[in-house]
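Structural overview for review
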Amino acid sequence: MLCCQPNNPADRKFIRRGQIITSVCLIAYLVCAQIIRDKPVTPTRIVFAALAGAFFFALLVNSGTLVLRRFDEFQRILLTRSFVWATVITMGFATVWGMAELFSHDTIPQVSLIWLPIILVCITAAAKVFIFRQHKSPAE
Amino acid sequence: MHNRLRILRAERNWSQADLAQKLEVSRQSVNAIETGKYDPSLPLAFKLARLFDTTIEAIFTDQP
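Here is a short report on the structure shown in this document.

Parameters and conventions
Residues numbered from 1 in each chain as written. Chains lettered and ligands numbered in written order. Predicted model: local features only at pLDDT ≥ 70, side-chain atom pairs only at ≥ 80, totals over all residues. Helix = DSSP H or I, 4+ residues; strand = E, 2+ residues; numbered from the N terminus. Buried ≥ 20, exposed ≤ 12 C-beta atoms within 10 Å, placed from the backbone. Rg over C-alpha atoms; globule rule 2.2 N^0.38 Å. Contact = placed C-beta atoms within 7 Å. Nonpolar A, V, L, I, M, F, W, Y, C, P; charged D, E, K, R; others polar. Core = buried A, V, L, I, M, F, W, Y, C linked by C-beta atoms within 7 Å. Axes fitted to C-alpha atoms, helices over the stretch in contact; angles between N-to-C directions. Parallel < 35°, antiparallel > 145°, perpendicular 65-115°, else oblique. Left-handed = near helix turned anticlockwise from the far one by under 90°.

A few words now on the overall build of chain A. Within chain A, the regular secondary structure consists of 4 helices and 0 strands. Mapped in sequence order, the helices and strands of chain A form the string α-α-α-α. For chain A, buried positions account for 17% of its 140 residues.

Written out as structure tokens, the structure is:
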């Protein structure tokens, strides 16, 4: 999915599951954004919106499970490091931006909370590439 | 933590990839342990000791 090389069946299974979750999430999001956006608030609309959010949650849980189940303990540590850095950066960004927003009287554009998991996923992927490259083993 | 992994491996003419395969870990892990960047967990240390037919203390020391 976002941070693993598909070199064993367990990883491939997780990647496939992640792809399904991401697809369903994307469909739910598109339905929310394009089809029911301008219609009046109904339970269906709220359910679709919650569904989009719930699948992002599932995506994050799936990534966490991948890290915990990974057999190779060194790679597990590297993945955990990527997640920790991504969480720190995302939460830091959210706090700084949120406080600036709060006291700027609308001079700073509002960032919707829906961007936080997306930012988290992107930063995790970038951190993973950076951290794994740092610990790349030289050719024998 | 210091270790004699590279020496033990060389004595048996094993590559890092060979050792990684025997331990069921990545070559990246073997390299990280050998270079001292990572200290393995107890189960992996026991696995290494069994593989080299020795004790954990004979592989890992806290002094150079």
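Let us look at the overall build of chain B. Each helix and strand counted, chain B has 5 helices and 2 strands in total. Counting from the amino terminus, helix and strand elements in chain B follow one another as β-α-α-α-α-α-β. Over its C-alpha trace chain B gives a radius of gyration of 10 Å, about what one expects of a compact globule, namely 11 Å for 64 residues. Going through the 64 residues of chain B one by one, you find that 23% of them count as buried. Taking as baseline every contact in chain B between residues at least 6 positions apart, the subset at least 24 positions apart corresponds to 50%.

Moving on, we get to the environment of A10 of chain B. Its place among the elements puts A10 of chain B in helix α1 (residues 5-11). For A10 of chain B and K47 of chain B, which are 37 residues apart along the polypeptide, the C-alpha to C-alpha distance reads 18 Å.

It is worth spelling out the interface of chain A and chain B at this point. Contact residues are listed per partner, giving 8 residues for chain A and 14 residues for chain B. Among the residues forming the side of chain A that touches chain B, the class breakdown is 2 nonpolar, 3 polar and 3 charged.

Here the focus is the nonpolar core. Within the largest apolar cluster, 12 residues are counted, these being F74, L78 and L79 of chain A together with L5, L19, V25, V30, A32, I33, Y38, L48 and I59 of chain B. Listed by contribution, the elements that provide at least two residues to this core are α3 (73-103) of chain A together with α3 (27-34) of chain B. Among residues more than four places away in sequence, those in contact with F74 of chain A are S26, Q28, S29, A32 and Y38 of chain B.

All names here are of chain A. Direction vectors running N to C along α3 and helix α4 (residues 115-134) enclose 140°, while the axes themselves pass 8 Å from each other. It follows from the interaxial angle that α3 and α4 lie oblique. In the packing of α3 onto α4, the handedness of the crossing is right-handed. Here L78, L79, R81, S82, F83, W85, A86, T87, I89, T90, F93 and A94 of α3 lie close against α4, whose contacting residues are L116, I119, L120, I123, T124, A127, K128, I131 and F132. Broken down by class, the residue content of the contact of α3 with α4 amounts to 15 nonpolar, 4 polar and 2 charged.

Let's shift gears to the environment of L48 of chain B. Residues and elements named next belong to chain B. Mapping L48 onto the fold places it in helix α4 (residues 42-51). On the basis of neighbour counts, which here come to 22 C-beta atoms within 10 Å, the residue L48 falls in the buried class. Once the C-alpha coordinates of L48 and L23 are considered, the two residues, 25 residues apart in sequence, prove to be 7.4 Å apart. Those residues in contact with L48, other than ones at most four positions away along the chain, are L23, P40 and I59.

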